[in-house]
Amino acid sequence: MAQRLGRRRGRVRRTTAAVRAGLALLTACAALAGCGGGADRDDRPAKPPTASGTLEQLASKADCDPRMQTDAEELRQANCTTEDGRYVLATFATDRGQREWINEANDYGGSYLVGRKWVAVGDPEVVAALRGRLGGTVETASPHHSGKSGGGGSEEGHSGHHGS
């Protein structure tokens, strides 16, 4: 009899633990605006899927007529001017090349719209408008130097922020 009672208590404890875990999961899902829900709950339009393609294909999706600045195997970079403003659009041959470029560019600050093997760099408002067309993730960096100190911090040689 005591053995049967012990087994029953073990099952009750396991069932209670499972119910608690399930409730915790439901609570977490509700806090994150729904598990697998479709549209955003605050009626914001859903961001488009992240675009992919060549520099020209991305520029077309962003309504840009790209002016090529760099056309190399590992990096293609163009200046764009649209009704939203000016920005630089860059595509990369590898994920590693993209990350290295972003890491270096972060030293200069700015807003970056990042997709798979591409980056758009511009003012925050321009990047926000582009995100509506290209998807992607926004990254923002603070400048580590102003370019005016004695540390050789001139931004003139950096090929990611200047459009001419």
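None of these values were measured; they are calculated from a predicted model. (Residues numbered from 1 in each chain as written. Predicted model: local features only at pLDDT ≥ 70, side-chain atom pairs only at ≥ 80, totals over all residues. Heavy atoms only, no water.)

Caption draft 1: Region of interest: the overall build of the protein. Within the protein, the regular secondary structure consists of four helices and six strands. Along the protein, helices and strands appear, N-terminal first, in the series α-α-β-β-β-α-β-β-α-β. The buried share of the protein, taken over its 164 residues, is 29%. Sequence-distant contacts, at least 24 apart, represent 50% of the contacts inside the protein between residues at least 6 apart. With the model as given, the accessible surface of the protein reaches about 10,800 Å², and the carbon-plus-sulfur share is 51%. (Helix = DSSP H or I, 4+ residues; strand = E, 2+ residues; numbered from the N terminus. Buried < 20%, exposed > 50% of the residue type's maximum accessible area, 1.4 Å probe, protein only. Contact = heavy atoms within 4.5 Å. Areas by Shrake-Rupley, 256 points an atom, 1.4 Å probe, with all protein chains shown as cover.)

Caption draft 2: Region of the structure containing helix α4 (residues 124-134). Regarding α4, the residues found buried are V126, V127, L130 and L134. For α4, the buried positions fall inside an angular range of 95° around the axis, keeping them on one side. Exposed side chains of α4 directed beyond 90 degrees from the buried face belong to E125, A128 and G132. If you follow the buried residues of α4, they end up packed against α2 (55-61), β3 (85-92), β4 (110-115), β5 (118-122) and β6 (137-141). Downstream of α4 by one or two residues, G135 has phi in the positive range, about 70°. (Arc of directions from axis to C-beta.)

Caption draft 3: Seen up close, the sheet that holds strand β1 (residues 67-71). Taking strand neighbours across the sheet as the criterion, the six strands line up as β1-β2-β3-β5-β4-β6 in an open arrangement whose pairing is antiparallel. The open sheet has two edge strands with one neighbour each: β1 and β6. Going across the sheet, the axis of each strand differs from the next one's by a mean of 20°, ignoring polarity. Where β3 meets β5, five bridges bridge the pair, whose relative direction is antiparallel. Note that in β5 the partner of L89 across the bridge is A120. Contacts from α4 reach β3, β4, β5 and β6 within the one sheet, and its direction differs from that of β4 by about 15°. (Pairing = 2+ DSSP bridges. Axes fitted to C-alpha atoms, helices over the stretch in contact; angles between N-to-C directions.)

Caption draft 4: Inspection of the state of the cysteines at higher detail. Evaluation of the coordinates by the stated rule reveals one disulfide. Here C64 connects covalently by a disulfide to C80, the sulfurs 2.0 Å from one another. Given an S-S torsion of about -80°, the disulfide between C64 and C80 has left-handed geometry. In this pair, C64 sits in the loop between α2 and β1 while C80 sits in strand β2 (residues 75-82), placing the two residues 16 residues apart along the sequence. Judged by relative accessible area, C80 falls into the buried class, the value being 2%. (Disulfide = S-S within 2.5 Å.)

Caption draft 5: Quick look at the pairing of β3. Burial within β3 is extensive, with seven of its eight residues counted as buried. Pairing of β2 with β3, which is carried by eight bridges, proceeds in the antiparallel orientation. Looking at the pairing, L75 lines up with F92 of β3. The antiparallel hairpin formed by β2 and β3 contains two residues in its connecting segment.

Caption draft 6: How the structure looks around the pattern of salt bridges. Across all of its chains, the model carries six salt bridges by this definition. Across the salt bridge formed by R76 and E56, the nearest N and O atoms sit 2.8 Å from each other. Separated by 20 residues along the polypeptide, R76 in strand β2 and E56 in helix α2 bring together distant segments of the chain. By relative accessible area, E56 is classed as partly exposed at 37%. Residue R116 pairs with D95 through a salt bridge whose shortest N-O separation is 2.9 Å. Within this pair, whereas R116 is found in the loop between β4 and β5, its partner D95 is found in helix α3 (residues 95-105), the two being separated by 21 residues in sequence. A relative accessible area of 34% means that D95 is categorised as partly exposed. (Salt bridge = Lys/Arg side-chain N within 4 Å of Asp/Glu carboxyl O.)

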